[in-house]
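Okay, here's what each chain looks like letter by letter:
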Amino acid sequence: VQLQASGGGLVVAGGSLRLSCSRPGSIFSFDIAGWYRQAPGKGREFVAGVTVAGTTSYADSVKGRFTISRDNDKMTLQMNNLKPEDTAVYYCNAKRRLPNTSWSSDWGQGTQVTVSS
């Protein structure tokens with residue numbers, strides 16, 4: 001595990017949570033970074049992404065409710081108006097382009113988000 005994710009928890013529908021992702025002992029360097037989630041019995045899906053230039057993208061299911069941001073130390077995911085279907089383990093990911101034009105990909109350990117109805 002190269003990244004550290006935190007901020008998950010239990011919240012009532014309509015509530016908010018803020019997830020953070022950092023690279024212990026280092027600045028949060030990346031070319032493309034994002035959040036993914038995996039609900040029980042389902043595959044891992046893209047939630048939100050950000051490029052080093054600051055361009056963001058979101059899954060349709062979270063547009064208008066989630067906001068991804070980053071600074072030198074961490075990446076965050078502000079989640080508002082949470083719904084029961086947002087319940088999942090959330091993973092952060094950071095990709096960096098290497099000198100040989102290949103990519104490195106680092107993952108966090110996952111943080112549980114549970115939204116009760």
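Quick notes on the rules
- Residues numbered from 1 in each chain as written.
- Predicted model: local features only at pLDDT ≥ 70, side-chain atom pairs only at ≥ 80, totals over all residues.
- Heavy atoms only, no water.
- Helix = DSSP H or I, 4+ residues; strand = E, 2+ residues; numbered from the N terminus.
- Polar contact = N/O pair within 3.5 Å; in protein donor to acceptor, adjacent residues only side chain to side chain.
- Contact = heavy atoms within 4.5 Å.
- Buried < 20%, exposed > 50% of the residue type's maximum accessible area, 1.4 Å probe, protein only.
- Pairing = 2+ DSSP bridges.
- Axes fitted to C-alpha atoms, helices over the stretch in contact; angles between N-to-C directions.

Chemist: Before we go on, may I ask you to explain the side chain of Arg65 in this structure?
Modeler: As for its position among the elements, Arg65 is in the loop between strand E6 (56–58) and strand E7 (66–70). Here the side chain of Arg65 touches Ser61 through a polar contact of 2.8 Å, landing on its backbone oxygen. Within the structure, the side chain of Arg65 is placed 3.0 Å from the backbone oxygen of Asn81, a separation counted as a polar contact. Apart from the residues within four sequence positions on either side, Arg65 is in contact with Gln78, Met79, Asn80, Asn81, Leu82, Lys83 and Asp86.

Chemist: When you look at the environment of Ile32 in this model, what are you seeing that I'm missing?
Modeler: Relative to the elements of secondary structure, Ile32 occurs in strand E4 (residues 32–38). Given a relative accessible area of 39%, Ile32 falls into the partly exposed group. With residues up to four places along the chain from it excluded, the contact list for Ile32 reads Val50, Thr51, Asn93, Ala94, Lys95 and Trp103.

Chemist: Explain the sheet that holds strand E8 (residues 74–79) here, please?
Modeler: Within a sheet, adjacent strands bond to each other through the backbone by hydrogen bonds, running parallel or antiparallel. Spatial ordering of the open sheet is given by E1-E3-E8-E7, a layout of four strands whose pairing is antiparallel. A single partner strand is all that each edge strand has here, and the edge strands are strand E1 (4–6) and E7. Averaged over neighbouring strand pairs, the angle between their axes works out to 15 degrees when direction is ignored. With six bridges connecting them, strand E3 (residues 17–22) and E8 associate as antiparallel partners. Following the sheet pairing, Ser22 is matched in E8 by Lys74.

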